[in-house]
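Okay, here's what each chain looks like letter by letter:
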Amino acid sequence: MSTDTEEQNGIKMREATIRDLPILLEFEQGILQWERPMAPNIKPDPVSYYDIKELIERKDAVVVVAYDEKEENGENKPIASGYCKIIKNISYKLPEELAYLGFMYVEPKYRGQGINGLVVKHLINWAKERGYDEVQLDVYAENESALNAYKKMGFKPDLLTMRLH
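Procedures and definitions
- What you see as residue numbers is a count from 1 along each chain, following the sequence as written.
- Local features are withheld for residues below a pLDDT of 70 in this predicted model, meaning they are given only at 70 or higher, and side-chain atom pairs are given and counted only at 80 or more; totals for whole chains, interfaces and linings count all residues.
- Where side-chain values are given, they derive from all heavy atoms of the structure, hydrogens and water being excluded.
- A pocket here means an open set of points on a 1 Å grid, computed over the protein atoms alone, that has protein on both sides within 12 Å along at least five of seven lines. A cavity is instead a set of points where a 1.4 Å probe fits but cannot get out; residues with an atom within 4 Å of a point line either one.
- Grid points are joined across faces, edges and corners, and a volume is the space filled by probe spheres set on the points.
- Amino acids outside the nonpolar list (Ala, Val, Leu, Ile, Met, Phe, Trp, Tyr, Cys, Pro) and the charged list (Asp, Glu, Lys, Arg) are all regarded as polar, and Gly is one of them.
- Strands are runs of DSSP state E lasting at least two residues, helices are runs of H or I lasting at least four, and both sets are numbered from the N terminus onward.
- The span you would expect from a helix comes to 1.5 Å times its residue count less one.
- Accessible area is worked out with a 1.4 Å probe on protein chains only. A residue is then buried under 20% of its type maximum, exposed over 50%, and partly exposed in between.
- We call a set of buried Ala, Val, Leu, Ile, Met, Phe, Trp, Tyr and Cys residues a nonpolar core when their side-chain atoms join them within 4.5 Å.
- Pairs of residues are marked as contacts when any of their non-hydrogen atoms sit within 4.5 Å.
- Each reported salt bridge corresponds to a side-chain nitrogen of Lys or Arg within 4 Å of a carboxyl oxygen of Asp or Glu.
- Charge assignment: positive for Lys and Arg, negative for Asp and Glu; neither His nor the chain ends contribute.
- Note on pairing: DSSP must find at least two bridges between two strands before they are called paired.
- Classification remark: right-handed applies to a crossover when, strands pointing away from the viewer, the course from the first strand over the helix to the second runs clockwise.

Novice: Explain the layout of surface pockets here, please?
Specialist: Sizing a probe to match a water molecule and rolling it over the atoms shows the empty space that remains. Looking at the second largest pocket, its volume works out to about 200 Å³. In terms of lining, the second largest pocket is formed by Arg 14, Thr 17, Arg 19, Asp 20, Pro 22, Ile 23, Glu 75, Asn 76, Lys 77 and Pro 78. Its residues assigned to classes, the lining of the second largest pocket comprises 3 nonpolar, 2 polar and 5 charged.

Right, here's the structure in full:
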């Protein structure tokens, strides 16, 4: 998966590198801004969800970015991101390990074009190449657009966390 792959309409995927870190940190803040209305218990800024550098460097994880080959920036600037990492499952559930997806972000001007679906499919393939069939992700219950997109891809709701505050 270290090479670029043609996906659709000039959108290509590649593994993220440390050089992508500045824009990936911007993507993370974009995710936080989007999710704050759905999660009033997120701490005030500055806050971070991920250790992106560590995810890029891990052997049991991959961070991928999508880029628009048609953009004439000459540097394959990321327009979307996602990661897959292998995690231990809850002790009373099978399988013992699974592939966990996160860090799904698409630049606003590219939304609605199926790019997140390309990222997710790419990550699922990465997991399957390593022998993992169980793939999970978290999504806020109020995020109907994401819920619908993931359901179309075959994901099914599992345990729903409820909170009272």
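Novice: Just to check I follow, could you spell out helix α1 (residues 21-35) for this structure?
Specialist: Given 3.6 residues to a turn, an α-helix orients residues that are three or four positions apart in the same direction. Counted at 1.5 Å a residue, the expected span for α1 with its 15 residues is 21 Å, and the 21 Å between its end C-alpha atoms agrees. Here α1 has its buried residues at Leu 21, Ile 23, Leu 24, Phe 27, Glu 28, Gly 30, Ile 31, Leu 32 and Glu 35.

Novice: How should I be thinking about the nonpolar core in this particular structure?
Specialist: In summary, soluble globular proteins display a tendency toward joint burial of nonpolar side chains. Counting 28 residues, the largest nonpolar core has Ala 66, Cys 84, Leu 101, Ile 115, Val 119, Leu 123 and Phe 155 as its most contacted members. Looking at this core, the elements that each hand over two or more residues are β2 (11-15), β3 (61-68), β4 (78-88), β5 (97-106), α3 (115-129), β6 (135-137) and α4 (144-152). The contact partners of Leu 123, leaving out residues within four places of it in the chain, are Val 62, Val 64, Gly 82, Tyr 83, Cys 84, Leu 101 and Met 104. Ranked by size, the runner-up nonpolar core spans 18 residues in total, among them Tyr 50, Ile 52, Leu 98 and Phe 103.

Novice: I keep staring at the pattern of salt bridges and nothing clicks. Help me out?
Specialist: Where charged atoms from two side chains of opposite charge come close, those side chains can pair. Tallying each qualifying case throughout the model produces 8 salt bridges. For the salt bridge of Asp 45 with Arg 36, the shortest nitrogen-to-oxygen distance reads 2.8 Å. It is possible to trace a salt-bridge network through shared partners that takes in Glu 54, Arg 58 and Asp 60.

Novice: For this particular structure, what's the right way to read α3?
Specialist: When the terminal C-alpha atoms of α3 are compared, their 21 Å separation across 15 residues agrees well with the 21 Å that a helix rising 1.5 Å per residue should span. Buried within α3 we find Ile 115, Gly 117, Leu 118, Val 119, Val 120, His 122, Leu 123, Ile 124, Trp 126 and Ala 127. Just downstream of α3, Gly 131 is the residue with a positive phi angle, here 90°.

Novice: Looking at this structure, how should I read the side chain of Glu 28?
Specialist: The residue Glu 28 is located in helix α1 in this model. Buried within the structure, Glu 28 lacks any salt-bridge partner; Arg 36 is the closest side chain of opposite charge, at an N-O distance of 10 Å. Among all residues touching Glu 28, those that are not within four sequence positions of it are Ser 48, Tyr 49, Tyr 50, Ile 52 and Phe 103.

Novice: Hey, could you run me through the pairing of β2 in this one?
Specialist: For a regular strand, the rule is simple: side chains alternate between the two faces of the sheet. Along β2, 4 of the 5 residues are buried, which leaves the element largely enclosed by surrounding structure. The pairing of β2 with β3 spans 5 bridges and is classified as antiparallel. Paired with Ile 11 across the bridge in β3 is Asp 68.

Novice: I tried to follow the pairing of β5 on my own but got confused; where do I start?
Specialist: Along β5, 9 of the 10 residues are buried, which leaves the element largely enclosed by surrounding structure. Note that β4 and β5 share 8 bridges and pair antiparallel. Paired with Ile 86 across the bridge in β5 is Ala 99. Judged from the 3 bridges that link them, β5 and β6 form a sheet pairing that is parallel. In the strand pairing of β6, Leu 101 is matched with Leu 137. What joins β5 to β6 is α3, and the crossover it makes is right-handed.

The quantities given are spatial measurements derived from coordinates; they are silent on function.
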